[in-house]
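# Residue-level structure breakdown
Chain residues, written in single-letter form:
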Amino acid sequence: MGNRLSKIYTRTGDSGTTGLGNGERIEKDHIRVESYGTTDELNSHIGCVLACDVPDNIRDTLTRIQHHLFDIGGELCIPDHVVITDEHVSWVESRLDELNEDLPYLKEFILPGGNMACSHCHVARTVCRRAERNAISLSRVESINPVTIKYLNRLSDYLFVAARVLARVCGDGEVYWKRSTSTDFS
């Protein structure tokens, strides 16, 4: 395979447009660009989780998910391009079920935090929800693979459960929200 990028800067985007994978140029603030940009941001946050000491099963799953997110970015960058299938969604669901199996039932809301791996996972989860919202917004104006939206929805659930697991194995446990019962803020 030849070099994909021989020069990092091209100056072609200096006017506020960017090129899609099919050669079309669109505005950099177009919802399509926002959508694949947020997917890239999500992938970077998952990289932060992987920079922490995490169990092998979570590491292996998140690494594979990073590849899926590159595929999703390609789908969103190339109109009418489809890579993600129902099998991808089923795979995430099975990883989710495996992680959730040993967790206690939730009785309280969980605050993001607890340790570095867990915190990064919560950030990835919230960015994943934004990626999903952006994909939905894009689907209202242009055709995209509907399975991609399902995948992102399941992925945010997986990241939530992974954060719960990481709170236990990498730290002191989950941080639960407590309703304020006092008006004293001193």
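A brief structural summary. Because the structure is a prediction, the values reported are computed rather than measured.

## Focus: the side chain of His122
With respect to the helices and strands, His122 occurs in helix H4 (residues 116-141). The exposure class assigned to His122 is buried, which follows from its relative accessible area of 3%.

## Quick notes on the environment of Leu155
Turning to its location among the elements, Leu155 is positioned in helix H5 (residues 146-169). On the accessibility criterion, Leu155 (0% relative accessible area) is buried. With 90 residues separating them along the chain, Leu155 and Ile65 place their C-alpha atoms 8.5 Å apart. Among all residues touching Leu155, those that are not within four sequence positions of it are Leu42, Ile65, Leu69, Val92 and Cys128.

## Focus: the nonpolar core
Core analysis: the biggest nonpolar cluster contains 45 residues, and Leu42, Leu62, Ile65, Leu155, Tyr158 and Leu159 have the highest contact counts within it. Those elements that place two or more of their residues in this core are helix H1 (31-50), helix H2 (56-77), helix H3 (86-100), H4 and H5. Take this core: its biggest share by element is 13 residues, from H5. Every residue in contact with Leu42, bar those within four places of it in the chain, is listed here: Leu69, Ala124, Val127, Cys128, Leu152, Leu155 and Leu159.

## Considering the pattern of salt bridges
Considering all chains together, one arrives at 9 salt bridges under this definition. Among the salt bridges present, the one from Arg129 reaches Glu132, with a minimum N-O distance of 3.1 Å. Placement of both Arg129 and Glu132 in helix H4 is noted, with a separation of 3 residues, approximately one turn of the helix. It is possible to trace a salt-bridge network through shared partners that takes in Arg129, Glu132 and Asp157.

## Considering the packing of aromatic side chains
In the structure shown here, the tally under the stated rule is 1 aromatic pair. Between the aromatic rings of Phe109 and Trp177, the centroid separation amounts to 5.7 Å while the plane-to-plane angle is 70 degrees, which identifies the pairing as edge-to-face. Of this pair, Phe109 sits in the loop between H3 and strand E3 (110-111) while Trp177 sits in the segment after strand E4 (175-176); the two residues are 68 residues apart in sequence, bridging distant segments of the chain.

## Focus: H5
Under the 1.5 Å per step criterion, the end-to-end length of H5 is 35 Å for 24 residues, consistent within 8% with the ideal 34 Å. For H5, the N-terminal cap is Asn145; the gap from its side-chain oxygen to the backbone nitrogen of Val147 is 3.0 Å.

## Re the environment of Ile149
The residue Ile149 is located in helix H5 in this model. Look past the residues within four positions of Ile149 in its chain and what remains in contact with it is Glu132, Ala135, Ile136, Ser139 and Ile144.

Definitions and cut-offs
By convention here, each chain's residues receive numbers from 1 onward along its written sequence. For a predicted model such as this one, the threshold for reporting local features is a pLDDT of at least 70, and the threshold for listing and counting side-chain atom pairs is 80 or more; totals across whole chains, interfaces and linings nevertheless cover every residue. Side-chain calculation: all heavy atoms of the structure are included, whereas hydrogens and water are not. Secondary structure elements follow DSSP: runs of H or I no shorter than four residues count as helices, runs of E no shorter than two count as strands, and numbering proceeds from the N terminus. Residue burial is assigned from relative accessible area. The probe radius is 1.4 Å, only protein chains are included, and a residue is buried under 20% of its type maximum, exposed over 50%, and partly exposed in between. Throughout, a contact is declared for two residues whenever any of their heavy atoms are within 4.5 Å. For the purposes of this section, nonpolar cores are sets of buried Ala, Val, Leu, Ile, Met, Phe, Trp, Tyr and Cys residues that join through side-chain atoms within 4.5 Å. Salt bridges are identified by distance alone: a Lys or Arg side-chain nitrogen within 4 Å of an Asp or Glu carboxyl oxygen. Here the aromatic set is Phe, Tyr and Trp, taking the six-membered ring for Trp, and pairing holds for ring centres within 6.5 Å; pairs whose planes are under 30 degrees apart are stacked, those over 60 apart are edge-to-face, and all others are tilted. Multiplying one less than the number of residues by 1.5 Å gives the expected span of a helix. Pairing of N or O atoms within 3.5 Å defines a polar contact, subject to two protein rules: one partner must be a possible hydrogen donor and the other a possible acceptor, and residues neighboring in sequence count only if both atoms are side-chain atoms.

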